[in-house]
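# Results of the structural survey
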Amino acid sequence: MQVHIIYLGHNLRRDPFLTTKSHIKLLSRVFDEEHKARDALVYSYKYGFSGFAALLNSTQATTLAEMEGVISVFRSKMLKLHTTRSWDFMGLTLDYSAHSIPMQLKYGDDVIVAIFDTGVWPESESFREESNLGPIPKSWRGKCVKADTFDPATACNRKLIGARFYLAGFELDYGPLNATGFDAEFRSPRDRLGHGTHTASTAVGSIASGVNFYGLGSGNARGGAPRARLAVYKICWFKDLEGRCSEADIMAAFDDALNDGVHVISASLGSSPPLMPFFSMSTDIGSFHAMQMGVTVVFSAGNEGPDTSLVQNVSPWGMCVGASTIDRGFPTKITLGNNVSFVGQSFNIKEMKMDFVDSTSLFDGGLCSFGKWNKSNSATNKIVLCFSTVGQVSSTAAAYAVLQANGSALIFAEPFTKQNLQDDFLPTIHVDLYQATQMLYYIRSTRNSTVHISPSKTEIGHVPAPKVAYFSSRGPSSATPNILKPDIIAPGENILAAWSPKSSPTLLPFDDRSVDWNFDSGTSMSCPHVSGIVALIKSAHPDWSPAAIKSALMTTAYMSDTSSETILAGGTLKPVDPFDIGAGHINPLKAMDPGLVYDIEARDHVLFLCSIGYSKEQINRMVVPSSGLDISCTGNHSDTDLNYPAITISDLRWTTTVKRTLTNVGHGHALYYPIITSPQGVHTWVWPNRLVFKYYKEKLSYFLTVAPAKQSTSRYDFGEIVWSDGYHHVRIPLIVRVNNEKNGDFDCGGDESRSSA
C-alpha cells in the first residue's frame, strides 16, 4: 500500500462537508466496506480544489483512475495532471483558493467565437450546455443549419449556438463530396476529420472531467474561454487524409460570420510561401474587414519550421500564432537485455518484451521506408530500431514500414531538438541519437538481443518549458519584413482535446480505433489557445479594438522558461529571437492589465496601405469611411511607421526615426519611463524620456531614433523597448538589420527602408 493522490479538479465553492462526503463515496468504490475507505483516507482537499489522498494498492489506484470524474491518480510527491495542461501552465487555473472567480469562468459568456475548420462533433462533452450558462447574446444573428446527420434541435444549444457549412468551391475543384467508403464526409457541419472539433474544444470547450487518451494525460479538460459561445463554420473537408479548404468557401464563411455577429474568428489554416499580396488572399481580405468591424481574427503561423521566412498569415491586422511546448512529458522506460536502461518519449500503453533488431536486418540500406523491406526477414514479434538520419524518414513513415514488415513496435532515433510525439498506430518510442547509438552497439554485439518497453507515464514539470516547437514556422515575413511575424507563441505540441469518434487517432484507413479525445500538434493547436484568451479579454474589455487586444498580448508576453533561462528555439540549440517567438510566449493574466497599448486607427491602416503600393482609389474601396478620415497618400510613407507593437527595420542604412503612440488603458494618472536595450551595432535614442498620462485612454507619442554603429549587411540584431511605471512593463521587440556595406565599402546611398507591394 502506498499513498496516492486522487485529483478531481476545482471545487466550485461546494460545501466542504459535502465535498468530503463525495470523496468517501468515490473511495468506497474500491473497498468492500465504507469504514475501510474512511480508514484509508489520508486527506480530503475541499477548499481550493477537490481531491483526496489515500492509502491504496496498485489495483485500487488503477480502478479509481478509470472512473468518471477522476482527473488523475498518482503516487504522493508527483505533480497535478491536467488534460489541456496548457491552461494551467499559462496560469489560467480553476483554483478558487484566492477567493475570487477564476478568470476563465468570470469572462466570456457574452463573447461569440467562430471556428473556421472541419466542423464539429456536437455530442462531445466539450460542447455541452452548462446549467449556469446564460441566454444566447442578443447580438447573435446566426443559425444552426439542418443537414446530413445534423439536427439543430439536438446538436445546438446555448453553448454551440451556430453551425454552417460551405462546400461549393470545394466541389468545383474536386467534384461531388464523397458520401461512401473510408473517406466519406458529412454534408453538414458535422466533423468527419476531428481537427475542427479539436480546435473548437481548445478555444471554448466546456469543462469535461475524466478525460484521457488511453490513460495518458488523464484529467480535467476545458477550453481557454469555457463560457464563451461557439459558432462553427465548416470550410475544410476530408480529402487524401487531410483537410482541404477552398478560398471561395472561406470568403463565404467570413461574409456570413461578420453578419452573424461573432466577436472572434479562429482559423487554423494558411498557404505556404510564396505569399500573395494581402488583398489577393481570402484570409487577408476577410480578416481586414473583420478588423474594421471590431472582430479579432487569429491565425496559425504554419508548420514549416525551423527554416526562416516560411511564416504564413502575415497581415498586420490578423494575429499570427506560433507553437510552443508545455511542461508535460510521457516518459517511457526502455531496458535492454543487458539491463542498461534508457528513457524515451511515447504514447505507449503496452508492456512489451521482445527480440530487438536494427533496421539493416529488414530494410535495404537500413532505410525504414515503404518499398525498402527486403522480405527475406520478418519483424514478427520484434521491436525495430530505426534512424531518421538514414534516408531522412519521419517516425510515421518508419512506423508504417515496420508495420508492413509485421513488426510489433518501433524505437525511432532522431535529433532531440526535433522530437515530436504522435500516435503512429504502431507503438513508437522516440529517443535521441546518442541513446539509439548505444542501443545499436548493443544489438550488434549480442547474438540474441532483447528489449523491454514499459508503458508510458505522464509527468509534469520535469523539463524546462516552454520552448518553440521545432515545426513552428519562423519569420521574418516574406511579404512585409518590417512587420514582425509571428506575433506570439502559445501551446501547440501534444495538446489533448475533443475529437470526432468517426475519425481514428491517425486518420489511417486500417486504424479502426475510435476516440473522443486525441493528442494533436501544430500551430493549428496554438491558434485556438490564443482565440480563447482573446475571448476572455474581449469580455473584460469590450471597448478594446483588435489592435489593442493584440498589443496587450504582445507587450505582456514573456521570454523565459520555467528554469528562468531564455526560451529555446526548437529545432536548434540557440535561444529564441523574435523571428522564432514574436513578442514572446502568451501570458493571459498579464494581458488583462497591460497598462498601455499600441492601438491602430483607420488612418494608420490607410498610410500602411499607401506604403505598400495601394492607391487612394483602391484604399477608398477597402477602408470603411468615417467622419474626418483622410484616405490620401500624400507624402512619403514607410511600413515601419505603422503603430505596431514591435519595431522592425529590415534595411537600416543611415539614421532613421520612427514614431509610436501609446494609449493609457490603466490608471488615469500614470508616469512611464523607457528602458532601451539596443541591438548590437546600433545606437538608439528615445524622445521624450518620460510619458505622463493624466487620464484613461489618453494617447501620447514617442520617437525612436536608430543609427548604425557598424558596417554590416544581411545580419539581424535584436533589442527591446520597455515603458514601465514600476508595475506594468510594456515591452516590444526592436529588430534591426544594418545594411550599409557594399563590396566592402561603406554605403551611404539607398532608401531609408524597403517595403513590399
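Above this text sits the structure in question.
Below: a short report on this structure. The structure presented is a predicted model; accordingly, all values stated were derived computationally and were not measured. (Residues numbered from 1 in each chain as written. Predicted model: local features only at pLDDT ≥ 70, side-chain atom pairs only at ≥ 80, totals over all residues. Heavy atoms only, no water.)

## Overview of the pattern of salt bridges
Following the criterion strictly, the structure yields 26 salt bridges and no others. As a salt-bridge pair, E34 and R38 come within 3.2 Å of each other at their nearest N and O atoms. Taken together, the residues E34 and R38, both in helix α2 (residues 34–40) and four residues apart, mark about one turn of the helix. What makes R38 partly exposed here is its relative accessible area of 47%. (Salt bridge = Lys/Arg side-chain N within 4 Å of Asp/Glu carboxyl O. Helix = DSSP H or I, 4+ residues; strand = E, 2+ residues; numbered from the N terminus. Buried < 20%, exposed > 50% of the residue type's maximum accessible area, 1.4 Å probe, protein only.)

## Here's the deal with the state of the cysteines
Enumeration according to the criterion identifies four disulfides in this entry. Here C368 connects covalently by a disulfide to C386, the sulfurs 1.9 Å from one another. Judged by the sign of its S-S torsion, about -85 degrees, the cystine formed by C368 and C386 is left-handed. Placement of the pair is C368 in the loop between β18 (352–358) and β19 (382–387) and C386 in strand β19, with a sequence separation of 18 residues. Among the residues examined, C386 registers a relative accessible area of 0% and is labelled buried. Disulfide partner of C610: C633, at an S-S distance of 2.0 Å. Here C610 and C633 share a disulfide; its torsion about the S-S bond, -80 degrees, makes the bridge left-handed. Taken together, the residues C610 in helix α17 (residues 602–611) and C633 in the loop between α18 (616–622) and β28 (647–652) connect sequence positions 23 residues apart. (Disulfide = S-S within 2.5 Å.)

## A look at the environment of I483
Within the secondary structure, I483 is located in the loop between β23 (459–460) and β24 (488–491). The class of I483 is buried, set by a relative accessible area of 1%. For the pair I483 and I649, spaced 166 residues apart in sequence, the C-alpha separation works out to 8.8 Å. When neighbours within four sequence positions are excluded, I483 is seen to be in contact with V314, P316, S477, F608, D639, L642 and Y644. (Contact = heavy atoms within 4.5 Å.)

## Topic: the packing of aromatic side chains
Enumeration over the complete set of coordinates arrives at 26 aromatic pairs. With a centroid separation of 6.3 Å and 35 degrees between ring planes, the pair formed by F278 and F608 is classed as tilted. Taken together, the residues span a long stretch of sequence, with F278 in the loop between β12 (264–267) and α10 (282–292) and F608 in helix α17 at a distance of 330 residues. The class for F608 is buried, based on a relative accessible area of 2%. Above the face of the F182 ring, R192 is positioned so that its terminal group lies 5.3 Å from the ring centre. (Phe/Tyr/Trp six-rings, centres within 6.5 Å; stacked < 30°, edge-to-face > 60°. Lys NZ or Arg CZ within 6 Å of the ring centre and 35° of its normal.)

## Overview of the sheet that holds strand β27 (residues 596–597)
Ordered in space as β27-β29-β33-β31, the four strands form an open sheet in which the pairing is antiparallel. Both outer strands of the open sheet, β27 and β31 (682–687), are each paired with one neighbouring strand and no more. Of the pairings in the sheet, the one linking β31 to strand β33 (residues 699–708) comprises six bridges and is antiparallel in character. Paired with T684 across the two strands is V706, which belongs to β33. (Pairing = 2+ DSSP bridges.)

## Some thoughts on the nonpolar core
By size, the foremost hydrophobic cluster in this structure holds 74 residues, and its most contacted members are L230, V530, L553, L609 and I619. Examining the composition of this core, we find that seven residues originate from one element, helix α13 (residues 523–540), more than from any other. (Core = buried A, V, L, I, M, F, W, Y, C linked by side-chain atoms within 4.5 Å.)

## A few points about the environment of A37
With respect to the helices and strands, the residue A37 is situated in helix α2. Owing to a relative accessible area of 0%, A37 belongs among the buried residues under this scheme. For the pair formed by A37 and K375, sequence separation is 338 residues and the distance between their alpha carbons is 57 Å. Other than its neighbours up to four places away in sequence, A37 contacts I24, L27, S28 and F31.

## Side note on the pairing of strand β14 (residues 319–324)
In terms of burial, β14 is largely enclosed, as six of its six residues are buried. Residues M319, V321 and A323 line one face of β14 and the alternating positions C320, G322 and S324 line the opposite face, and both faces are buried. As judged from the three bridges shared by strand β13 (residues 296–300) and β14, these two strands associate in the parallel manner. Among the inter-strand pairings, F299 is bridged to a residue of β14, identified as C320. Both β14 and β24 contribute to a ladder of four bridges, which runs parallel. Residue pairing in the sheet places A323 in a bridge with A490 of β24.

## Quick look at the sheet that holds β24
Strand order in the open sheet formed by seven strands is β6-β9-β5-β12-β13-β14-β24, and the pairing between neighbours is parallel. Two strands lie at the open edges of the sheet, namely β6 (160–165) and β24, each paired on one side alone. Neighbour-to-neighbour, the strand axes of the sheet open up by a mean angle of 25 degrees, direction not taken into account. As defined by bridge partners, strand β5 (residues 112–117) adjoins strand β9 (residues 229–234) across six bridges and the pair is classed as parallel. Within β9, the position partnered with V113 by the bridge is L230. (Axes fitted to C-alpha atoms, helices over the stretch in contact; angles between N-to-C directions.)

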